[in-house]
Structure formats: structure tokens, C-alpha cells
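Below, each chain spelled out in residue letters.
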Amino acid sequence: PGIANAFTLTALFLFGPLAGLQIALLRSLISGLLSGLPVTSLLIGGTGGIVSAASMGVLFHVLKGKNLVSPLGLGIFGAFIHTMTQLTVVYLLFIKNPYLFWQIPIIVPIAIGTGVLTGMISIMTINLISNNTSMTKSIGEKKRLAVSRLAMLKLVVFMLLSLSLFFIPSIKPHLTTSILLLIL
């Protein structure tokens, strides 16, 4: 699981489980298209991301009213589900060897660490957005974010295009800059 899962967590907490799933799906499609091996990337990473987003959404929905859910806890849970899903997909489609699962004692602590990191990034992002008075409005006792899903989509596309400048040398910087300016 990667740091990009923080986008899914943030969308889940600000807009609900469906928005988190939409961000995970969009992120998986874009990263699959930008990678050198789109089919493998979509099969392994995309499946892990979508299954973990759906699992986090279900857990969020079930535990939300009981105040038992936090971005940190969901980040850890999502990272674990993401890792186990990827391992299962690799086993079912590519390497049908049960020894593959011997990696679990090594991979799970790493997944927990990345889950903590994505949870902390999500908490900071949610706090930053919630504390920015120009972006929020008061509804009763709670503050609800007044940013549209389109703005969230623009943010994800903006960040992915910005990262593409560093990782894909064949992309022309002026073309990417033009696309970024059109998005904003």
C-alpha cells in the first residue's frame, strides 16, 4: 500500500465511503495507465486499492455512529487488506505456490507502518481542510466541508500529473504544465 491511500482515507472521512471508493478507482486507473505495465498494475495494485477502499468504507459505515473509527485505524486496516489482496491476486493469477504466503511476517509490519503513515497524513489533511474557515461552513454543531467532488478530482489529477514530471521522462514539461493550468 502506498501513501496515495491517504487520498482515499481523506475522501472517505470528508465525503463518505462512496467517494473513497471513487478516488481509489480513479487513482488505480490513472496509475495503471501511467505505469509501464498497465495490466499488471491494474490487476495487482488496482485490485488491492479497490478492495481495501471498499473494506474501509464498510468498516467506516458500520463503526461511524459508535465513534470507534479514526483515519489512523482505518489506514492500518486498509494497508493490511491491500497487502493481503495483492498477495492473493499474485497467488491466484501468477505464482501458484503456497510459499508465497511465507512473506506475510515480513510484509504485514511494513503494511502497518505505511498504514500509520497514511492515517497520519489523512488526519493532517482533514484538520487542515476543516480548520480553513474559507473552505468550511457551519451546519449545526458540526462543520462540513464545502469542497465539491470535482475539486477533489482536480486535486488528485493535479498531483498525479505533477508527479509524472519526475517519474516519466518522456512527458514534455510544457505539455504537462498546460494540462495543469487547464485543470486549475
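Cut-offs applied
Residues numbered from 1 in each chain as written. Predicted model: local features only at pLDDT ≥ 70, side-chain atom pairs only at ≥ 80, totals over all residues. Heavy atoms only, no water. Phe/Tyr/Trp six-rings, centres within 6.5 Å; stacked < 30°, edge-to-face > 60°. Helix = DSSP H or I, 4+ residues; strand = E, 2+ residues; numbered from the N terminus. Buried < 20%, exposed > 50% of the residue type's maximum accessible area, 1.4 Å probe, protein only. Patch = residues over 30% accessible without salt bridge, like charges linked within 9 Å, V, L, I, M, F, W, Y side chains within 5 Å. Areas by Shrake-Rupley, 256 points an atom, 1.4 Å probe, with all protein chains shown as cover. Salt bridge = Lys/Arg side-chain N within 4 Å of Asp/Glu carboxyl O. Polar contact = N/O pair within 3.5 Å; in protein donor to acceptor, adjacent residues only side chain to side chain. Axes fitted to C-alpha atoms, helices over the stretch in contact; angles between N-to-C directions. Parallel < 35°, antiparallel > 145°, perpendicular 65-115°, else oblique. Left-handed = near helix turned anticlockwise from the far one by under 90°. pLDDT = per-residue confidence, 0-100. Contact = heavy atoms within 4.5 Å.

1. A short note on the packing of aromatic side chains
Okay, so step 1: With the rule as written, the count across this model stands at three aromatic pairs.
Okay, so step 2: On the basis of an interplanar angle of 55° and a centroid distance of 5.2 Å, the ring pair of Tyr91 and Phe101 is categorised as tilted. Of the two residues, Tyr91 is situated in helix H4 (residues 71–93) and Phe101 in the loop between H4 and helix H5 (104–131); the sequence distance between them amounts to 10 residues.
Okay, so step 3: With a relative accessible area of 27%, Phe101 lands in the partly exposed category.
Okay, so step 4: Between the aromatic rings of Tyr99 and Trp102, the centroid separation amounts to 4.9 Å while the plane-to-plane angle is 85°, which identifies the pairing as edge-to-face.
Okay, so step 5: The exposed category is assigned to Trp102, whose relative accessible area is 64%.

2. Digging into helix H1 (residues 5–15)
Okay, so step 1: Of all 11 residues in H1, nine are buried; the element is thus mostly enclosed.
Okay, so step 2: Positive phi appears at Gly16, one or two residues downstream of H1, with a value of about 110°.

3. Considerations on a nonpolar patch on the surface
Okay, so step 1: Taken together, the side chains of Val39, Leu43, Leu92, Leu93, Phe94 and Ile95 make up a nonpolar region of the molecular surface, amounting to roughly 560 Å² of accessible area.
Okay, so step 2: Only helix H3 (38–63) and H4 provide two or more residues apiece to the nonpolar patch.

4. Concerning the environment of Ser70
Okay, so step 1: Turning to its location among the elements, Ser70 is positioned in the loop between H3 and H4.
Okay, so step 2: Spatially, the C-alpha atoms of Ser70 and Ser122 are 9.8 Å apart, while their sequence positions differ by 52 residues.
Okay, so step 3: A polar contact is formed between the side chain of Ser70 and the backbone nitrogen of Gly73, at a distance of 3.1 Å.

5. A word on the packing of H4 against H5
Helix packing geometry: the angle between the two helix axes and the distance between the axes.
Okay, so step 1: Between H4 and H5, the shortest axis-to-axis distance is 7 Å and the interhelical angle comes to 140°. With respect to H5, the element H4 is oriented oblique. For the element pair H4 and H5, the recorded crossing hand is right-handed.

6. Observations regarding the environment of Met84
Okay, so step 1: Along the chain, Met84 turns up in helix H4.
Okay, so step 2: Taking the C-alpha atoms as reference points, Met84 and Val108, separated by 24 residues in sequence, lie 8.5 Å from one another.

7. Some remarks on the confidence of the model for the protein chain
In low-pLDDT regions, the fine details of the predicted coordinates are not to be read closely.
Okay, so step 1: Scored by pLDDT, the protein chain comes out at a mean of 78, with 70% of its residues at no less than 70.
Okay, so step 2: No element of the protein chain has a lower mean pLDDT than strand E2 (residues 142–145), which averages 41, and none a higher one than H4, which averages 93.
Okay, so step 3: Here residues 133–147 is modelled with pLDDT under 50, and outside its nearest four sequence neighbours on either side it reaches 17 contacts, counting other chains as well.

8. Let's talk about the side chain of Thr118
Okay, so step 1: Topologically, Thr118 is positioned in helix H5.
Okay, so step 2: Since its relative accessible area comes to 2%, Thr118 is described here as buried.
Okay, so step 3: In this structure the side chain of Thr118 is engaged in a polar contact, spanning 3.0 Å, whose partner is the backbone oxygen of Gly115.
Okay, so step 4: With residues near it in sequence (within four places) discarded, Thr118 still touches Gly2, Ile3, Asn5, Ala6, Leu9 and Gly75.

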